[in-house]
Amino acid sequence: MAKIWEKIYTFGVKIGEKLINNNVSQEEALKALGEPTVTKGMPEILRKAAAETCVLLKNNGVLPYSQESVVSVFGRNQIDWFFTGYGSGGDVKIPYGRNLIDGLTDCGIKYNTELFDIYSKWSAENPIDHGVWGMWPRFYPDMALTEEIVKNAAQKSSDAIFIIGRSSGEDRENVLEKGSYYITDEEKANLTLITEYFDNVTVLLNIGSVIDMSVFEELDDKIGAILIVWQGGMESGTGIADILCGNVTPCGKLPDTIAKDYNTAKAFGNFGKKLYNEYAEDIYVGYRGFETDDPTNVVYPFGYGLSYTTFKIEYEDANILEDSVLFTVTVTNTGDRCGKESVQVYLSKPKGVLGNPDKELVGFAKTKTLNPNEKQTLTIDVPKYYFTSYDDNGATGFPYSYVLQAGKYNVYIGTNVRDTQKVWSRFEEETVCFEKLKQVSAATADFNRKKILDSGVSFEKAPKRTYDLKRIILDNLPQPIPMTGDKGLKLSDVKSGKCTLNEFTAQLDLTELEAISRGAYKMDSPLGAKGNAGAMGGVTESLREKGVPPIITTDGPSGIRLLYYCSLIPIGTAFAASFDTELVEEVYSALAGEMKEKGSDILLAPGMNIHRNPLCGRNFEYYSEDPVLTGKMGAAAVRGIQKCGGSATPKHFACNNQETNRTHNDSRVSERALREIYLKGFEICVKEGKPNCIMTSYNKINGVWGHYNYELCQRLLRDEWGFDGVVMTDWWMRKSRSPEFPKMRDNAYRVRSSVDVLMPGGDRVGKEKPDGTLLKTLGKSEGITTGEMQRTAKRVLELCLKYI
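Let me sum up the structure you'll find in this document. (Residues numbered from 1 in each chain as written. Predicted model: local features only at pLDDT ≥ 70, side-chain atom pairs only at ≥ 80, totals over all residues. Heavy atoms only, no water.)

## Thoughts on the nonpolar core
Note that soluble globular proteins tend to have their nonpolar side chains buried in a common cluster. Formed by 99 residues in total, the largest nonpolar core has its most connected members in Leu100, Ile161, Leu204, Leu244, Tyr588, Phe653 and Tyr678. Among the elements that line this core, the one with the most residues is helix H16 (residues 581–598), at 8 residues. Once residues within four sequence positions are removed from consideration, Leu100 is found in contact with Val73, Gln78, Trp81, Ile161, Ile163, Leu204, Gly237, Ile240 and Leu244. Core analysis: the next-biggest nonpolar cluster, separate from the first, contains 55 residues, Leu491, Leu501, Leu508 and Cys693 among them. (Core = buried A, V, L, I, M, F, W, Y, C linked by side-chain atoms within 4.5 Å. Buried < 20%, exposed > 50% of the residue type's maximum accessible area, 1.4 Å probe, protein only. Helix = DSSP H or I, 4+ residues; strand = E, 2+ residues; numbered from the N terminus. Contact = heavy atoms within 4.5 Å.)

## Description of the environment of Gly528
When you line up the elements, Gly528 lands in the loop between helix H13 (510–515) and strand S24 (534–537). Expressed as a C-alpha distance, the spacing of Gly528 and Gly599, which sit 71 residues apart in the sequence, is 6.9 Å.

## Side note on the pairing of strand S12 (residues 311–320)
In this structure, S12 lies alongside strand S13 (residues 324–333), joined through 9 bridges in antiparallel fashion. Directly across from Lys312, in S13, lies its bridge partner Thr332. Between S12 and S13, which pair antiparallel one after the other, the connecting turn spans 3 residues. (Pairing = 2+ DSSP bridges.)

## Describing helix H8 (residues 236–244)
For H8, a buried count of 9 out of 9 residues is recorded, marking the element as mostly surrounded by other parts of the structure. Those residues of H8 that sit buried are Ser236, Gly237, Thr238, Gly239, Ile240, Ala241, Asp242, Ile243 and Leu244.

## Here's the deal with the pairing of strand S25 (residues 550–555)
Within S25, 5 of the 6 residues are buried, which leaves the element mostly enclosed by the surrounding structure. In this sheet, S25 lies alongside S24 in antiparallel orientation, the contact comprising 4 bridges. Paired with Gly534 across the strands is Thr553, a residue of S25. In this sheet, strand S26 (residues 602–604) lies alongside S25 in parallel orientation, the contact comprising 3 bridges. Bridging across to S26, Thr553 finds its partner in Ile602.

## Considerations on a positive patch on the surface
Taken together, the side chains of Arg737, Lys743, Lys776 and Lys780 define a basic patch exposed on the protein surface. Note on placement: Lys776 falls in the loop between helix H21 (746–752) and helix H22 (786–801). Residue class for Lys776 comes out exposed when judged on its relative accessible area of 60%. (Patch = residues over 30% accessible without salt bridge, like charges linked within 9 Å, V, L, I, M, F, W, Y side chains within 5 Å. Areas by Shrake-Rupley, 256 points an atom, 1.4 Å probe, with all protein chains shown as cover. Salt bridge = Lys/Arg side-chain N within 4 Å of Asp/Glu carboxyl O. Lys, Arg positive; Asp, Glu negative; His and termini not counted. Charge placed at Lys NZ, Arg CZ, Asp CG, Glu CD.)

## Section: unusual backbone geometry
The omega torsion of the bond from Ala605 to Pro606 falls at 5 degrees, within 30 degrees of zero and hence cis. The omega torsion of the bond from Lys651 to His652 falls at -5 degrees, within 30 degrees of zero and hence cis. Note that His652 resides in the loop between strand S27 (647–648) and strand S28 (666–668). The phi torsion at Trp230 lies on the positive side, around 55 degrees, for a residue other than glycine. Here Trp230 is to be found in the loop between strand S8 (225–228) and H8. Since its relative accessible area comes to 0%, Trp230 is described here as buried. For Asn270, which is not glycine, the phi dihedral falls at a positive 55 degrees. Position of Asn270 among the secondary structure elements: in the loop between strand S9 (258–259) and strand S10 (276–278). For Asn270, a relative accessible area of 24% gives the class partly exposed.

## So, the sheet that holds strand S21 (residues 432–436)
An order of S17-S18-S21 is seen for the 3 strands of this open sheet, with the pairing classed as antiparallel. Only two strands of the sheet have a single partner each, and these edge strands are strand S17 (389–391) and S21. Adjacent strand axes in the sheet meet at a mean angle of 40 degrees, parallel and antiparallel pairs treated alike. Inspection of the sheet shows S17 paired to strand S18 (residues 401–404) by 3 bridges, in the antiparallel sense. Bridge pairing links Ser389 to Val403 in S18. Together, S17 and S18 form the strand contacts of helix H18 (residues 671–678), whose direction differs from that of S17 by roughly 160 degrees. (Axes fitted to C-alpha atoms, helices over the stretch in contact; angles between N-to-C directions.)

See the structure below:
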């Protein structure tokens, strides 16, 4: 059995040996966990997930290993595995963690025990310093190999595995340094030495986000296989071993492009600045930029991944429906091993006057496990909406609208963005308006954005905001419900139909309206399971007397962060690599059962932010550089969580694309890029998954913090997309005065912005009492209104009704 993490991080920032909010030592916390418990059926599900998320980048026939193989495993990560990333998204108290050696043993693959003993001894003598919050290691220093060690290993085995491990985390970016994005000198020297003595070398990349591949390119044919195994949760080792021994055929695909050279990549600029980042690449993010404007700077393209078998994809037909086009393909396993294949659908839109990428993913589907010569017919539904482009400056004559530009639309089907065949075309004679909308969250600062037309690449000013936000807010204030005082009604009376939600809400006094707009002040609330992230809803005695239950939140997305043993699932990027929404839904459905058992009502997951840059520290929590893949994966996670009675919370809304100075940084982005890239995944998730909650981001979006962003949280999320759930802040928020209503600040500003709940409810430290900012302007000119507070209360009560 592999080592369980040596340190435990819970309930916020670690200070010495004490932890704020609960003030217990690490030893006390570990003791409180009790005996490890394992949820029935979870190991089998997670083993399958760990295997089916692996991406095989290269294989010259080295893999899979035969039962006669003897493998020498190099790298300390064989013992000290990265099961997940650091921070709130990965801080799960796991009952066990199975590393690669555990997996090889389980699969019956013989490994060089003498070499393993050398690494075990060295690892014990050189323990890992896991650091403190935001200062976690990006890699674990490894043992320098000697020629004697490698030579002896080669005499005992013909196959070698070299493991490279990387991690990052919340408040901890990847960096352009050796040991993070780049391979260390020691890793390069070790790998080079191994290739001199072994003909069959496999590199395993135990990583949370993509890294530089130039060393592997230099060694070229000296490396027989490269397998990205990600951070696959507590069954990582068994799932990987299933791939290595051939029990499972690799079927993962890259959710991100792997660039040849970060420093010359045109899609990777304007990242990591302290005060603001200008999203100058605009819609040309990830493969959209590489394939259109930088095609030679790619090692492995988006969607790429090899298999142990071969497949034939045959296009059947396209059926034009009212709102979508249904593409039908038949997939045949033409090889001699069973396996799964992902079919990807790409669209090439006319560049017209707006400009467009060469290709965009618009749909995908995955087969079941196909035996040799077995076929499966798949249908992939592509909404007509995906054929449109957003005009944020009126260049087409239809400002603030999704339009179908005149020209040719080509659809391609294949196994990655480059290996495709054109199967369908449609020509639009003239540009037409598909959907007329309103300008939302447009730029407020001057910056230039990229534009690629048939005539070439240029830059233009991002269109700026033209509307009067103050007027819009005032014109849409909700009408108050006349306050009645306590009539003895309980929330259960609403559920039974005895009274309406309005009648129940009318009973709430100002103190109760304030309380229901925030959490119970702190993490690890005594109202819920030990180690919870906080409580909302029935946070006061008077609310609970009216039948309003406290609703308990827990951090995610890699599991349930409580002071109990809980399952650790694969990271978000790994799930995206599966291209398998059914798998994601299955895993999160199992996790939802664990939520119910452990006392979690709301999981703060899935993470939905776009991989704008491979250096973002929380990329491991998020899915992909592509918004459609992100949205589909997120919707699947939401369905899994909520069909078993839990509530999901897609986060961080929006543009939380870096950790550097995240509570102050301003993401300056055009409205078009917002809608087509950074909000699209959320939109798909909201419309298809119907989450009960949404969490805002720490950062600013075009000058406005996410937790004060009326335009995103009301005009777009609710008015356009139809979201009817609860919007909560990420934990704590920045104090600020409303620019539209200067007398209003902090919690009044937040509630007016249609952000319902401040979590966990108060400041990080200090007294547990209201700060007074919500009610201060009540009854004053342009101040907070009773109707706004009742609007917030009704949304929270609707959520509470699901738990009584």
